[in-house]
Structures are given as C-alpha cells and as structure tokens.
Amino acid sequence: MYFEIYQTQASEKSRKEWRWRLKAKNHEIIASGESYTSRAKVLAAIELIKSVTTRTKIVEG
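Treat the numbers as computed from the prediction; the structure is a model and nothing was measured.

(A) The arrangement of the pattern of salt bridges in detail. A full pass over the atoms with the stated rule returns three salt bridges. We note a salt bridge from Glu-47 to Lys-50, for which the minimum N-O separation is 3.4 Å. A residue pair is termed a helical-turn pair when its members lie 3 or 4 positions apart in one helix, as Glu-47 and Lys-50 do in helix α1 (residues 39-50) at three residues. Residue classification places Glu-47 among the partly exposed residues on the basis of a relative accessible area of 46%.

(B) Looking closely at the UniProt feature "domain: DUF1508" (unreviewed entry) in the protein. The positions UniProt marks with the feature "domain: DUF1508" (unreviewed entry) are residues 16-60. Span residues 16-60 is 27% helix and 24% strand, its end C-alpha atoms 33 Å apart.

(C) Spotlight on the packing of aromatic side chains. Enumeration over the complete set of coordinates arrives at one aromatic pair. Seen from their ring centres, Phe-3 and Trp-20 are 5.8 Å apart, and the 65° between their planes marks the pair as edge-to-face. One end of the pair, Phe-3, is in strand β1 (residues 2-8); the other, Trp-20, is in strand β2 (residues 17-23), and 17 residues separate them in sequence. Residue classification places Phe-3 among the partly exposed residues on the basis of a relative accessible area of 28%.

(D) Seen up close, the pairing of strand β3 (residues 29-32). The pairing of β2 with β3 spans three bridges and is antiparallel. Paired with Arg-21 across the two strands is Ser-32, which belongs to β3. The antiparallel hairpin formed by β2 and β3 contains five residues in its connecting segment, where His-27 sits at a positive phi of about 75°.

Reading the values: the criteria
Residues numbered from 1 in each chain as written. Predicted model: local features only at pLDDT ≥ 70, side-chain atom pairs only at ≥ 80, totals over all residues. Heavy atoms only, no water. Salt bridge = Lys/Arg side-chain N within 4 Å of Asp/Glu carboxyl O. Helix = DSSP H or I, 4+ residues; strand = E, 2+ residues; numbered from the N terminus. Buried < 20%, exposed > 50% of the residue type's maximum accessible area, 1.4 Å probe, protein only. UniProt positions renumbered as here; feature names shortened; annotations may be inferred. Phe/Tyr/Trp six-rings, centres within 6.5 Å; stacked < 30°, edge-to-face > 60°. Pairing = 2+ DSSP bridges.

Below, the structure is given as structure tokens:
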C-alpha cells in the first residue's frame, strides 16, 4: 500500500487544495481524506493516520 498526495482546484477562482488517498498494491483506492490548504498539512494528516494502531476502536454511527 502507499499514500498518494495530489492537488485539486474546484474552479478557476478557487485556491488549489491538497488531498490524500491510500492505494493498494494494485493501485485501487482504499481510502481518501478531506482537502487541506497546504502540502505540510496533508503530510501531517498522513503521519497521524500512520500512527494509528490495531488497538484503535471501531465505532458504529
């Protein structure tokens, strides 16, 4: 698996935003996240996700 980061732009007038997605070995998207205003913030979010352990609870909403 690997994280991919990329930029998006909703319209010509809007600022570019950074996003992430987690992809499987076969390049299929497994998960994705919200948009961030900077590359540094998206990388920080990825580091947070990578730090999650198997002890993290699963909660049904």
